[in-house]
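# Overview (structure and organization)
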Amino acid sequence: MTNNATLKGNRPPDDMLGFSGSLPTSVLPADRVMSLGSICTWEWDLDAGAVLYSGAWGPLLALTAEGDIKGGLDFLLSRVSGDDLEILETALAKIISGEWGELDIPVLIKRHDNTCTWILLRGKIAPECSGRRIFAGIGLNISRLRLSNRFCPPHADDAQSTYQSMLDNSPVHIVRFDRHMFPLYMNPAMYEFSRYSPEQMGGLTAEEAGYDPGELGYLQEKINEVFDTGKIMKFRWTTSRPRMDAPKTTGDYCLWPEFDADGKVKTVICQFYDLTRQIAQEENTRFNEMRFSSLHQLTHMDDVPEDDVMFFVAEKIAELTKSAFSHLHILPSALQSAERIIWSSSHRALFAPEELNSFDPSVMRGEFGMDVAGGGEPVMTCVQNHPVDPATQRYFKDRLFVSRFACVPAMEGNQAALIAAVYNKDFEYSEADARQLELFITGAWHIIRRRHYVSALKNAVDEVQLASEAKNRFLASVSHELRTPLNGMLSMLQLLEFSNLTPKQAEYAKRANNTGKTLMRIISDIIDYSRMESGRFDLDMAPFDIAECLRGSLKIFYADASRKKLALRLSLKGEFPEMIVGDEARIRQIVFNLVGNALKFTDSGEIEVICKAKAQGPGMSAIELTVRDTGIGIPEEMQRKVFDAFTQVDPLATRKHQGSGLGLGIVRQLLQRMGGAVSLKSKINKGTTITCSLVFPIATQEEIDARRLALSVSKAEKTPFACPPMIILVAEDDQVSRMAMKLFLEKLGHTAVCVSNGREALEALRLYRFDCLITDVLMPEMDGIDITMHIRNRDFQRFRPSPETIMAVKEGDLPEPKDIPAGDKGLLDIDAGLPIVAVSAHAMKGDRERFLEHGMDYYLSKPVQIECLRGTLAQLHKERLLPKATNKL
Ligand code: ADP
């Protein structure tokens, strides 16, 4: 049909939009115009050829603009698809010719957006009007109705072809079996899978078809069951039949019966959905997870011995690739000089440990075709799925046949550092296996390498620590060795000062004594510093009055300051709490070092110690301690360095001032330990100002009261009182110190018997009941602590006096008993509660506590000051002997 008619005439009504020709209006009288709102209407002037479409065609045809409704019949016809166009054109021709009275046909129309819709076109030629023939009608969207099977019942033939096409195109594998499992029909998906047509398949044995004969029996059983019961069966089944990408096939199977007219099972349809690929993907995901978790485990094996880590890796690679065997071949590299092989546990089950260890790693060089010793040739990942050279078997003493393997290297730069080999998987190694192996071994090698570096670093740190400890031990022992003779020398000087000397001699003795004390201080500093540096010192926190502490600390400097004609002032500024909590002795040590330096390096002017206190937050007090002098100053380039140990501004050769170069180092260490800071300002020939900033907790009233009570008790204890003569055993290995102690004791009115080691002391105690024992701590053969333990634990029976000890006791000229027993008879039991005084050149903080912890009662540091000895013995008498005597009465 062609659009050769043209409409001419009036304007169309408002909802009539598209038109062609010169017909502006509907030619129907107003009462007959089809104003049907959103219904698609059309009017075709058969004589003029023009067509008028209502606006509702726009949305129906998915037109985007009003102007898209173009007039003419072609506008509609061009959208009618395929066969329908012919039908429509025929129908229109029949209506125009008068053969048909009415148009009533559904057509499939293509919309502007390329989608399709079914439209029912209905119309007829209106009675003549104004001499024109108008063919008017409507278009109704009936797509939904078309889909309803009430309007579109399946035709038998259609159904068959539909089902056939469904079978042909289904990705699911479908086979129709007869009772003998003969395939009567296979859909194309099944051919593709089986690689045989049903005709071919039917003539094959199970093996020829690629199945394990036993397996097909299982399927036959299932089919029989469906034939017998007529029931549907569903199951998952894995066959050995390989897919292209997997060694086995797993599928979800459904078997259902087809019945004949008598209701008997005629055939069985078997449908299976191949899950192999999906399972492989799941497996891959599982392997990835396993790989990540194994690597994660590896990162947490820092404390595990290296061999165990390697063994773990060897086991994991076998597990990851489902291999029966694996080994790691460690090649000589920057990290590992020795070549080694780590075998998996399955090897260990095959070989005795000594056999495994006796395998020469070099035999593995050509392992599985990987020539790692080839020099220059890159080592590549290698997968081989057929038995390797029988020569390889010899390495395993014919006990293991390598059927297939995969090897990958872990590289260190461009050199292989490690080769991971897996072998004898049940089925073929795939690229995915090699990839998993490669990823795992590379990750594992990175972790192993990191372990190496960390442990090398740890070893280096340990070595440094050991060296530092050795240095500290050396310093401590040297200091101790220096202290002992110095102690003897100072003791002799003290004794000398007590003797009748001319004023000049007395002056010399005094100076010698002072110099010795300075030397002693330097040695103490060395020990102190070495302890601080190694972090082996604790603060002794207690409430104390900082102002009082400063006043007390400065007292010892006034005499020296006035001798140098220097003004020494203490200024306290701000609000001082009654007491703060800190280590008073260490604060004194800081003040002592700073003021000592100020005095040493100032020749004229003044020294000012300024202490500022202010509250800082609740319960805290900020203390700023400044020592300012008008001395020689410190050159700028040295100002940071002077806080380092053994650093002094004056070079050794020209040094005018005494010192060890440790004072400021100790100050800095102490401040760091107390959480404080130190700063220094200095100008050459103008002076130096050193400021220490610290924050202390303010002592509570309760703490202050307790402290005051403790101070008043110890003051009372220190009040001297008369001590009656005692008979004292002295154990001291250093001859001079021994002699000095004897003379000191005699000078104090006591009687002393001296022995030179711990064994002799115990022997002497079995001969005579001494009032107390004064013992050096560090002695050869048996030290002071050992003696104490023997006494306290009543472990003395095996000590029998030697002739030397008997002689020493005899020489002591003791009052009672006169007869020293000979042999075992008459030997005394040592009193476990014997008072013991420790004397030691270990004079640092903590030493006293350590000795007391071991059961000693009193402590005197070397060099022993006669006044301290007097006080200690008086206290000992009061506390230990007097109560005993009173009890006896
Ligand atoms: P020492 O005083 O025992 O030598 P220190 O560690 O206390 O050791 O001081 C290190 C060096 O810093 C001193 O030798 C001295 O050169 C310099 N120094 C320290 N305090 C002062 C000061 N107040 N004035 C000038 N120089 C100082």
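You'll find the structure just up there.
Just so we're clear, the structure is a prediction, and the values are computed from it rather than from any experiment. (Residues numbered from 1 in each chain as written. Predicted model: local features only at pLDDT ≥ 70, side-chain atom pairs only at ≥ 80, totals over all residues. Heavy atoms only, no water.)

Turning our eyes to something else, we now look at the overall build of the protein chain. Scanning the protein chain for helices and strands turns up 25 helices and 28 strands. For the protein chain, with 889 residues in total, the buried portion stands at 44%. The contacts of the protein chain with a sequence gap of at least 6 include a subset with a gap of at least 24, amounting to 61%. Carbon and sulfur atoms make up 54% of the accessible area of the protein chain, which totals about 46800 Å². (Helix = DSSP H or I, 4+ residues; strand = E, 2+ residues; numbered from the N terminus. Buried < 20%, exposed > 50% of the residue type's maximum accessible area, 1.4 Å probe, protein only. Contact = heavy atoms within 4.5 Å. Areas by Shrake-Rupley, 256 points an atom, 1.4 Å probe, with all protein chains shown as cover.)

Counting buried positions over the 6 residues of strand β2 (residues 40–45) gives 6, a clear majority of the element. Here β2 shows two buried faces, one formed by Cys-40, Trp-42 and Trp-44 and the other by Thr-41, Glu-43 and Asp-45. Where β2 lies against strand β6 (residues 134–141), 6 bridges are found, and the strand directions are antiparallel. Pairing of Thr-41 across the sheet is with Ile-138, part of β6. Bridge analysis of β2 against strand β3 (residues 51–54) gives 3 bridges, and the strand direction is antiparallel. Paired with Trp-44 across the two strands is Val-51, which belongs to β3. The loop that links β2 with its antiparallel partner β3 comprises 5 residues; one of these, Gly-49, has a positive phi angle of about 85°. (Pairing = 2+ DSSP bridges.)

Attention shifts here to the site of the ligand. In the region of the ligand, 18 residues are neighbours, and Asn-597, Asp-629, Gln-648, Val-649 and Leu-664 sit closest. With respect to the ligand, the backbone of Val-649 contributes an N or O atom lying 2.9 Å from an oxygen atom. At 3.5 Å from a nitrogen atom of the ligand is found a side-chain nitrogen or oxygen belonging to Thr-688. Burial of the ligand by the protein amounts to 95% of the accessible area it has alone, namely 520 Å². The set of elements that each furnish at least two residues to the shell around the ligand consists of α17 (584–600) and α18 (663–673). (Near = heavy atom within 4 Å. Polar contact = N/O pair within 3.5 Å; in protein donor to acceptor, adjacent residues only side chain to side chain.)

Close contact between helix α15 (residues 503–533) and α18 brings their axes to 10 Å; oriented N to C, the two are set at 35°. For the pair α15 and α18, the crossing hand works out as left-handed. Listed contacts from α18 to Asp-525, Asp-528, Tyr-529, Met-532 and Glu-533 of α15 are Gly-665, Ile-666, Gln-669 and Leu-670. Here the residues of the contact of α15 with α18 are counted per class, giving 4 nonpolar, 2 polar and 3 charged. (Axes fitted to C-alpha atoms, helices over the stretch in contact; angles between N-to-C directions. Left-handed = near helix turned anticlockwise from the far one by under 90°. Nonpolar A, V, L, I, M, F, W, Y, C, P; charged D, E, K, R; others polar.)

With that out of the way, let us pick up the environment of Ser-621. Tracing the chain through its elements places Ser-621 in strand β21 (residues 620–629). The exposure class of Ser-621 is buried, given its relative accessible area of 1%. Taking the C-alpha atoms as reference points, Ser-621 and Met-579, separated by 42 residues in sequence, lie 10.0 Å from one another. Sequence-distant contacts of Ser-621, that is, excluding residues within four places in its chain, are made with Pro-577, Ile-580, Ala-613, Lys-614, Ala-615, Gln-616, Leu-694, Val-695, Phe-696 and Ile-698.

Where nonpolar side chains cluster on the molecular surface, the patch consists of Phe-474, Val-478 and Leu-482 and spans about 270 Å² of accessible area. With respect to the helices and strands, the residue Val-478 is situated in helix α14 (residues 431–498). (Patch = residues over 30% accessible without salt bridge, like charges linked within 9 Å, V, L, I, M, F, W, Y side chains within 5 Å. Salt bridge = Lys/Arg side-chain N within 4 Å of Asp/Glu carboxyl O.)

On to the sheet that holds strand β28 (residues 858–861), then. In sheet architecture, strand pairing relies on hydrogen bonds along the backbone and comes in two forms, parallel and antiparallel. Taken in spatial order, the 5 strands make up an open sheet running β25-β24-β26-β27-β28, and their pairing is parallel. With one partner strand each, in any of the chains shown, β25 (751–755) and β28 form the two edges of the open sheet. Each strand of the sheet is rotated relative to its neighbour by a mean of 20°, with strand direction disregarded. Pairing between strand β27 (residues 836–840) and β28: 4 bridges, direction parallel. The residue bridging Val-839 from the neighbouring strand is Leu-860, located in β28.

Turning our eyes to something else, we now look at the packing of aromatic side chains. Inspection of every chain in the model, using the stated rule, returns 15 aromatic pairs. Measuring from ring centre to ring centre gives 5.1 Å for Tyr-53 and Phe-75, while their planes differ by 65°; the resulting arrangement is edge-to-face. Of this pair, Tyr-53 sits in strand β3 while Phe-75 sits in helix α2 (residues 73–77); the two residues are 22 residues apart in sequence, bridging distant segments of the chain. Residue classification places Phe-75 among the buried positions, given a relative accessible area of 7%. Where Phe-193 meets Phe-272, the ring centres are 5.4 Å apart and the plane angle is 75°; that geometry is what we call edge-to-face. (Phe/Tyr/Trp six-rings, centres within 6.5 Å; stacked < 30°, edge-to-face > 60°.)

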